[in-house]
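An overview of the molecular structure
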Amino acid sequence: MSKEIKESLDLLQKDWDVDPILRDFVLGRITDVSDRQVTVGGVVFHLPYLNSHKRYVLWKCFWPDCHNCCERQGRLPLTSDDLITIGRGLKYQRHADFVQNETLIATHREPGPSGQDITMTTINLKRKKDETDADDGTRIPCRFLDGDGACGIHPGRPGVCYLYPFSTWLENEGGAARVHATYQLTGDCPGFYLAKDTVQMGAELDEYSGIIYNYNMASARTDREGFCSVSFG
């Protein structure tokens, strides 16, 4: 993975300035990092704090100047809400026809927040018309990205698109579900920066707490309805 992230950072640096400290952090070369937790709107954000530099790693989006996350998309898992919204947006009369023509089922493994492996089977929106299982996880341009860098199915795009660059999960804490979020450090996003405190990111934390919370609720419904499966081990 570090080789792939380095390639992403190299591509990013062709168009954007990347702080060398942040580059080292994304590549895992800075190990003296604390997990600072900030709770906003029912979501626990895990923000990296570089102890040796006394700086937080913060983020903001540069859209519409940037659409890297759409140009190097790994997969687009769908919630049951997405299946309805996107199918209607693409003018399908029958739900089954949308699922057959525009999606595929794929299984992948990824590390969980506690270090254990998670195996996930999801229904994914095809990023290209002829996408197959073998393409899953590869970084390719999304077919709905137009020449001006806009999304052709916005605002009905998949919920996972709204999350980037965050990843998110639910934990059982004292019998209650708690939503957590941290960064996806893929090397593709120019929006990361260093700051002494988290004040500058207040607006993003407020906005994304709602997005992240709602996505987790939609994902939980998707699991209960049998549209995806998750196993640990």
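Residues numbered from 1 in each chain as written. Predicted model: local features only at pLDDT ≥ 70, side-chain atom pairs only at ≥ 80, totals over all residues. Heavy atoms only, no water.

**Some thoughts on the overall build of the chain**
What counts here: We count a stretch as a helix when DSSP gives it H or I for four or more residues in a row; a strand needs E for two or more, and each element gets its number in order from the N terminus. As defined in this context, the radius of gyration uses C-alpha atoms, and a globule is described by 2.2 Å times the residue total to the power 0.38. Where accessible areas are quoted, they stem from the Shrake-Rupley method and a 1.4 Å probe; at the residue level, only the protein chains shown are allowed to cover. His residues and chain termini do not enter the charge count, which takes Lys and Arg as positive and Asp and Glu as negative. Charged side chains are reduced to one point each, which is NZ for Lys, CZ for Arg, CG for Asp and CD for Glu.
A tally of helices and strands in the chain yields seven helices and nine strands. Against the globule reference of 17 Å for 233 residues, the chain gives a C-alpha radius of gyration of 18 Å, in line with a compact fold. Reported as C-alpha extents along the three principal axes, the dimensions of the chain are approximately 55 × 45 × 35 Å. By element, 50% of the accessible surface of the chain is carried by carbon and sulfur atoms, the whole surface being about 12600 Å². Seen as two clouds, the 26 positive and the 33 negative side-chain charges of the chain have centres 1 Å apart.

**Concerning helix α4 (residues 80–89)**
Selection criterion: Note on exposure labels: buried denotes an accessible area under 20% of the residue type's maximum, exposed denotes more than 50%, and partly exposed covers the range between, all computed with a 1.4 Å probe on protein chains only. Each direction from the helix axis to a C-beta atom contributes to the arc, which is the arc of those directions. Pairs of residues are marked as contacts when any of their non-hydrogen atoms sit within 4.5 Å.
Residues S80, D82, L83, I86 and G87 constitute the buried set of α4. Viewed end-on, α4 has its buried residues packed into an arc of 150°, placing them on one side of the element. Lining the buried residues of α4 we find α5 (95–102), β5 (117–125), α6 (159–163) and α7 (202–224). Phi turns positive, to about 70°, at K91, one or two residues after α4.

**A few points about the sheet that holds strand β9 (residues 229–232)**
Either a parallel or an antiparallel arrangement is found when strands of a sheet pair, and the pairing is made through backbone hydrogen bonds. Convention followed: DSSP calls a pair of strands paired once it identifies at least 2 bridges connecting them. With axes taken as lines fitted to C-alpha atoms, and helix axes fitted only over the stretch in contact, angles between N-to-C directions fall between 0 and 180 degrees.
The strand order across the open sheet built from three strands is β4-β5-β9, with neighbouring strands paired in antiparallel fashion. Each edge of the sheet is formed by a strand with only one pairing partner; in this case those strands are β4 (103–111) and β9. Strand-to-strand twist of the sheet, defined as the mean angle between neighbouring strand axes without regard to direction, takes the value 20°. Of the pairings in the sheet, the one linking β4 to β5 comprises nine bridges and is antiparallel in character. The residue of β5 that forms the bridge with P111 is D117.

**Some remarks on the pattern of salt bridges**
Quick reminder of the rule: Note on definitions: salt bridges are taken to be side-chain nitrogens of Lys or Arg within 4 Å of carboxyl oxygens of Asp or Glu.
Under the criterion given, the structure shown has 14 salt bridges. Residues D136 and R75 are paired through a salt bridge, measuring 3.0 Å at the closest nitrogen-oxygen approach. Separated by 61 residues along the polypeptide, D136 in the loop between β5 and α6 and R75 in the loop between α3 (68–71) and α4 bring together distant segments of the chain. A residue is classified by how much of its surface remains accessible, and D136, at 16% relative accessible area, is buried. A residue is classified by how much of its surface remains accessible, and R75, at 22% relative accessible area, is partly exposed. The closest approach of N and O atoms between D188 and R139, which form a salt bridge, is 2.9 Å. Separated by 49 residues along the polypeptide, D188 in the loop between β7 (176–183) and β8 (192–195) and R139 in the loop between β5 and α6 bring together distant segments of the chain. Linked by salt bridges that have partners in common, E4, R72, R139 and D188 make up one network.

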